[in-house]
Amino acid sequence: MDRLVPSIGVPGRGDIQGRVVAVLGPTNTGKTHFAMERMLAHESGMIGFPLRLLARENYDRAVRVKGADAVALVTGEEKIVPPRARYFLCTVEAMPLDRVRERGVDFLAVDEVQLGADPERGYVFTDRFLHARGRLETIIIGAETVRPLLRRILPEVEIVSRPRFSRLTYAGPKKITRLPPRSAVIGFSAAEVYALAELMRRRRGGTAVVLGALSPRTRNAQVGLYQAGDVDYLVATDAIGMGLNMDIDHVAFARLVKFDGRMTRRLAPAEIGQIAGRAGRHMNDGTFGTTAGEQMAAETIEAVEGHDFDSLRFLYWRNPELDFSSLDDLIASLSIPPADPAFVAAREAEDAATLAALSSVHEIRRRAESRAALALLWDVCQIPDFRKVMAEAHARFVGRLYHDLTGPAGRVRSDWLARQVERIDKTEGDIGTLVGRIAEIRTWTYISYRPEWVEEALHWQERTRHVEDKLSDALHERLTERFVDKRTAVLLRRLHARDELLGGVRDDGEVIVEGLPVGRIEGFRFVAMADVLGEDARAVRAAAERALRHAFAERVARFEGASDEELALGDDGRIAWAGVPVGILARGAHPLTPGVKPITEVGMDADLRERIRVRLGAWLQRLVARRYGPLAGQAPAGLRGAARGVLYQLAEALGAVPTAQLHNLTAALAPEDRKALAKLGVRFGTETVYMPRLQNGPVMKLGALLWAVFNGRVPETLPELPNGPRAWIRAAAEWPDAFYRALGYCRTGATALRADRMEALAVAARRLARQGGFAATPALAGAAGCSLKALPDALRALGYRFEKGRDGGLFRAQAENRRARRRGGADPAANPCSPFARLKALTARS
C-alpha cells in the first residue's frame, strides 16, 4: 500500500496533520450535526457538502452562532466571503482548497464521501478526502459502506460508528390512495414526479414537489409547504436522500428502477436505504415501502431495516496533477489511470468532454498556447451545464465565452451578458419553461461570481440572483397552483359520506357548510371555528372554497372602493380595514416608501392579492405624504443643489439629522436657500437640523414603524411611545440613537430630549459656559423639559465636562467642544416670544 500511495497523491503518515476521523453510519445519526459542532468549536474550519442547499442551510446555522462576519458561503453560484471569515460552508466542488494550502484551517470535513462511488461526481469526493486536511482535525463523513476502502487507503484514520436514532421498518406495498399522511412518494424522473403529483392532487388534495431541477429557493418553498402542513404529501426524486431534513413518517417507492444516465437498472439496497432513511426524524420511527404494483425483495428489506449493505469495491478517481504544458498534454493528463486498484478511472466528466470538444477548434487552440491561457480555458470548461443541453451546444457556449475572455477587453461583453439576462428575466410560462430559465440564469450567476471575467461583477451577481429568486418564486407558485387543489378534499369527503357538501357565505361574512356555521371571513382570510380545527380543517376549507372565491372577489371590490378613513395603521405595523388586519408593512427602497404585504387566505387568486396590495400601497403613500409633507414628495421647484441635499438627508433620516453631519451642505447654503427651507419648516439648530411640524404623536409613531421596518426590526418590539409630543422620553438600550433621532429626539443616556428642547439647553449652557462653570439647577432642567436627574447626561451629550468641587461641582465647556460648535444656524433665543428666550431669563435668574 505504501508503495502505491505516492502515485495517486495520498498523504503518507508523516503528511497528515492533526487527527483524521471517519464518522460513519446510516441516515438520521446526526453525523453532519456532529461535524458542525466540531467545526464551530475550533478557531477556523471548512466543510464540503454534496448539495448547495445543504451548504446554505448550514451556513445560516453557523451565522446564527458565530455571526455573519465570521462565516463564508462558497458554492459554484454563490460566494459570500467576508474579509475576516473563519468558517467556510461549501459545496464539495467549490471548496477553496487554495486557501487551505496557503493559510490552512484548524478543522476540515467532507460530507457523504460514499459518493466517491458516483460515476458522475465521485472523483471530486475522492480527491477531497484524499487531499484536504485541517491543521488540527479532519472528519470524513459517510456511510458504513465506505469503511473497508477507508481502512485500506488511509490506514491512520480513526473510525467512529454512529447508530441511527430511530427504527426504520418495512410497511409493505400500499395503493397511492391509501398512503398515510406525512408520506413521501419517490419517482426517478421529472415526468414521473409530475404524473405522481397530479395523481396525488386528484386523490389526496395536493402535494409538494422536490426534484433536482428545482432551484434551492423553489425547493425550500416546496419543502416549507409540506413542513407547514399545507399539504400532507411530498412527491420527490432521489434528491431528498442527501440530507434534506423533513418530518416524513413514510417513504413509498413508485418504482425500484432508475435510469442512471447510461442505462436503466434496479436500485441497489444501499440507494434504497439512503432514500428510505428520510422517514423518521430524530427519535421518531419511520417506515418505508412501495406503491401497489412494486414488490421489494426480502433480502433488500432485511438490509435496509438493518442498515447492512455491501461495502463499496472501488471509488472513482481522476488525476489531480494536471499538465498545462499544452492542450494535448492537459487532455492526456486527465486520462492518466490510477495505480491503486481501490480506484477506478472516472468517466469522462462534463468539463473534460467540453475541453475535448473545443480542442478540435483551431481558433481555440491558437488562443490557448500559453500556460495562462490554457489554465483559463480549463476554468471556463468547468462551468456546469445547468441547462442540461446537448454537449455540443454547451461546448459552443463555453467557446464563445472563452473567445470574449481572450479578446482585447479580457472580459465577457457586457452587452451580450445584458441581453441574455434580459431574455431570461420573464416569469410567464409553464413549469418546464420556468425550470429552463432558472437553469440558464444559474449559469450566468456562476459566471458573475468570477470577478475577473465580468465588468461590474457585484452588479451582475445581484442582478442574476434577483432574477433567479423571481423565477423561483414564480415556479413555486406554478407548482402550488398545479399540484395543490383543496377542492379535491371535498370530493373525498363526498365519497366517504356518499353525499354532496354545499357551502356558502352570508352577508355578514359567516361561512356555512351544509347549513352549519364553520367559520367566518375576517379581512381576506377564512378563520375556522374552534370546533372544526385539526383534522377537519382541510375538509371545511375545501367545501367552502368555491363560495369563498366569489366572496373574496366581492370583498376586494368593496375594499378598492372604501374611503381612506376606513383604513388604519396599528402600532404593530398592520393595516386594518374595518378593524381587521388586511396588510402589514414591509421594507421598501427608502424609509419613506415602505412596501406592504397583503394578509390574505393561502391560495387566494394572485390577481386579487395584487389588487389588495395596490390599494394598500396607495393608501399608505398618501398617509406618509400627509404626515411628512415635503420630505415624502418631490423637492419644490427652484430648490438648488445644497438645499436639495439637506432635504434628501432629512428624508433619509425621517426628519432629523445631526447638524455636524450636514456641515458641508449647510456651509454651501445661500441665504435664499435657507429662506426656502425655512418655508418648508426646516430649522437649523446647533445640534440638530429638524422639522418642528414632525414633533407630534401621530408622526412620531409612524416614524417609529417606518424606521423599524426599514432597518429590519420587528414592530412588535418597539419601545413604548407617548401619544403626544413630550419634552423627553425614556430611551431603551437596545434601540440606537438613529431610531430616536427619527422620532425627533436626541438621546442623552437613559432618556431622550426632544430636538427643540435640546437646542434650548445648548443655547443656555453655551451662554452660561462663557461666564465660567455652571451648576445643573432645577430651573435649567425645568426649562429644558427634563428631570434634574437626567440633566447631567444631557449636558455631557452636549460636550460639557463635570468637575467636582466643594459645593457639589460645576460643568465646564471643553476646548474641543467650543471649536466644534463654531458652525452656522440661527440663534433660537433671538425670538423674544420663543421658549428659548424664556429659558435665557430663567437661567439668568438662577
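Thresholds applied
- Residues numbered from 1 in each chain as written.
- Predicted model: local features only at pLDDT ≥ 70, side-chain atom pairs only at ≥ 80, totals over all residues.
- Heavy atoms only, no water.
- Helix = DSSP H or I, 4+ residues; strand = E, 2+ residues; numbered from the N terminus.
- Buried < 20%, exposed > 50% of the residue type's maximum accessible area, 1.4 Å probe, protein only.
- Contact = heavy atoms within 4.5 Å.
- Areas by Shrake-Rupley, 256 points an atom, 1.4 Å probe, with all protein chains shown as cover.
- Axes fitted to C-alpha atoms, helices over the stretch in contact; angles between N-to-C directions.
- Parallel < 35°, antiparallel > 145°, perpendicular 65-115°, else oblique.
- Left-handed = near helix turned anticlockwise from the far one by under 90°.
- 1 Å grid on protein atoms, 1.4 Å probe; cavity = no way out; pocket = protein on both sides within 12 Å on 5 of 7 lines; lining within 4 Å.
- Points joined across faces, edges and corners; volume = space filled by probe spheres on them.
- Nonpolar A, V, L, I, M, F, W, Y, C, P; charged D, E, K, R; others polar.
- Core = buried A, V, L, I, M, F, W, Y, C linked by side-chain atoms within 4.5 Å.
- Salt bridge = Lys/Arg side-chain N within 4 Å of Asp/Glu carboxyl O.
- Pairing = 2+ DSSP bridges.
- Polar contact = N/O pair within 3.5 Å; in protein donor to acceptor, adjacent residues only side chain to side chain.

Asks: Where do I start with the overall build of the chain in this structure?
Replies: Regarding its fold elements, the chain presents 31 helices and 34 strands. By residue count, 52% of the 846 residues in the chain fall in the buried class. Partitioning the intrachain contacts of the chain with sequence separation of at least 6 by distance along the chain shows that 67% fall at a separation of at least 24. For the chain, the computed accessible surface area is about 39,200 Å², with 51% contributed by carbon and sulfur atoms.

Asks: Looking at this structure, how should I read the packing of helix H17 (residues 431-448) against helix H18 (residues 457-483)?
Replies: The description of two helices packed together rests on the angle between their axes and the distance between the axes. Two numbers describe how H17 lies on H18: the axes approach to 9 Å, and their chain directions differ by 160°. Considering their axes alone, H17 and H18 lie roughly antiparallel with respect to each other. Considering the relative orientation of H17 and H18, their crossing is left-handed.

Asks: Just checking my understanding: could you explain the environment of Val223 for this structure?
Replies: Here Val223 is to be found in helix H8 (residues 216-227). Overall, Val223 belongs to the buried group, its relative accessible area being 13%. Expressed as a C-alpha distance, the spacing of Val223 and Val210, which sit 13 residues apart in the sequence, is 7.4 Å. In this view, Val223 contacts Val210 and Met246; residues no more than four positions away in its chain are not counted.

Asks: I would appreciate a short explanation of empty space enclosed by the protein in the present structure.
Replies: If a probe the size of a water molecule is rolled over the atoms, the empty space left behind becomes visible. Across all of its chains, the model carries two cavities of 30 Å³ or more by this definition. If you trace the largest cavity, you find 14 residues lining it, with Leu654, Leu694, Ala742, Leu743 and Gly744 closest to the centre. Among the elements of the structure, helix H25 (697-710) and helix H26 (737-742) are those that each provide at least two residues to the lining of the largest cavity. Taken together, the residues that form the lining of the largest cavity break down as 10 nonpolar, three polar and one charged. Each pocket or cavity is described by its volume, and for the second largest cavity that value is around 30 Å³. Every residue lining the second largest cavity is listed: Gln695, Asn696, Met700, Pro725, Leu743, Tyr745 and Arg754. The residue makeup of the lining of the second largest cavity, split by class, is four nonpolar, two polar and one charged.

Asks: Honestly, unusual backbone geometry in this entry has me stumped. Any pointers?
Replies: Trans is the common state for peptide bonds, and a negative phi is the common state for residues other than glycine. Positioned with a positive phi, Arg182 is a non-glycine residue whose angle comes to about 65°. Look at Arg182 and you get buried, because its relative accessible area is 15%. Although it is not a glycine, Leu654 sits at a positive phi angle of roughly 65°. Mapped onto the elements, Leu654 comes out in the loop between helix H22 (641-652) and strand S27 (656-658). Residue Leu654 is classed as buried on the basis of its relative accessible area of 4%.

Asks: What am I meant to see in the nonpolar core here?
Replies: Soluble, globular proteins show a tendency: their nonpolar side chains are buried together. In terms of nonpolar packing, the biggest core is built from 67 residues, with Tyr628, Leu631, Leu677 and Tyr740 touching the most fellow members. If you tally residues by element for this core, the top one is H25, at nine residues. Discounting chain neighbours no more than four positions away, the residues touching Tyr628 are Leu592, Leu654, Arg693, Leu694, Val699, Leu702, Gly703 and Leu706.

Asks: What am I meant to see in the environment of Thr688 here?
Replies: By the element assignment, Thr688 lies in strand S29 (residues 688-690). Each C-alpha atom of the pair Thr688 and Tyr745 lies 9.4 Å from the other, and the pair is 57 residues apart in sequence. If sequence neighbours within four positions are ignored, Thr688 has contacts with Ala656, Val657, Pro658, Thr659, Arg683, Cys746, Ala755 and Glu759.

Asks: Explain the pattern of salt bridges here, please?
Replies: When the charged atoms of two side chains with opposite charge come close together, those side chains can pair. In this structure the tally under the stated criterion is 50 salt bridges. In this structure, Glu392 engages Arg396 in a salt bridge whose closest nitrogen and oxygen atoms are separated by 3.3 Å. Of this pair, Glu392 and Arg396 both sit in helix H15 (residues 391-405), four residues apart, roughly one helical turn. With respect to class, Glu392 is no different from Arg396; both count as exposed. Residue Asp425 is joined to Lys470 by a salt bridge in which the shortest nitrogen-to-oxygen separation is 2.8 Å. Residue Asp425 is found in the loop between helix H16 (414-424) and H17, and its partner Lys470 is found in helix H18; the two are separated by 45 residues along the sequence. Each of Arg19, Arg38, Glu137 and Glu158 takes part in salt bridges that share partners, so that together they form one network.

Asks: Even after reading the chapter, I still don't get the sheet that holds strand S10 (residues 183-186), so can you show me in this structure?
Replies: Strand pairing in a sheet is mediated by backbone hydrogen bonds. Such pairs are either parallel or antiparallel. In spatial order, the strands read S9-S16-S13-S10-S12-S11; together these six strands make up an open sheet with parallel pairing. Each edge of the sheet is formed by a strand with only one pairing partner; in this case those strands are strand S9 (168-174) and strand S11 (208-210). If you compare each strand with its neighbour and ignore which way they point, the axes differ by 25° on average. Summarising the sheet, S11 and strand S12 (residues 233-236) pair through three bridges and their orientation is parallel. Note that in S12 the partner of Ala208 across the bridge is Leu234. Against the sheet, helix H9 (residues 269-276) touches S9, S10, strand S13 (250-253) and strand S16 (286-291), its axis set at about 140° to S13.

Asks: Whenever I open this one, the pairing of strand S34 (residues 810-813) confuses me. Can you help?
Replies: On a regular strand, one side chain projects to one face of the sheet and the next to the other, so that they alternate. The side-chain alternation of S34 yields one buried face, formed by Phe811 and Ala813, and one unburied face, formed by Leu810 and Arg812. In terms of strand pairing, strand S33 (residues 800-803) meets S34 through four bridges, oriented antiparallel. Note on S34: the bridge partner recorded for Phe802 is Phe811.

Asks: Explain the side chain of Arg182 to me, please; I cannot follow it from the model alone.
Replies: Residue placement: Arg182 occurs in the loop between S9 and S10. A polar contact of 2.8 Å, which involves the side chain of Arg182, links it to the backbone oxygen of Tyr226. At 3.1 Å, the side chain of Arg182 forms a polar contact with the backbone oxygen of Val231. Those residues in contact with Arg182 that sit more than four places away from it in its chain are Tyr226, Gln227, Gly229, Val231, Asp232, Asp247, Ile248, Asp249 and His250.

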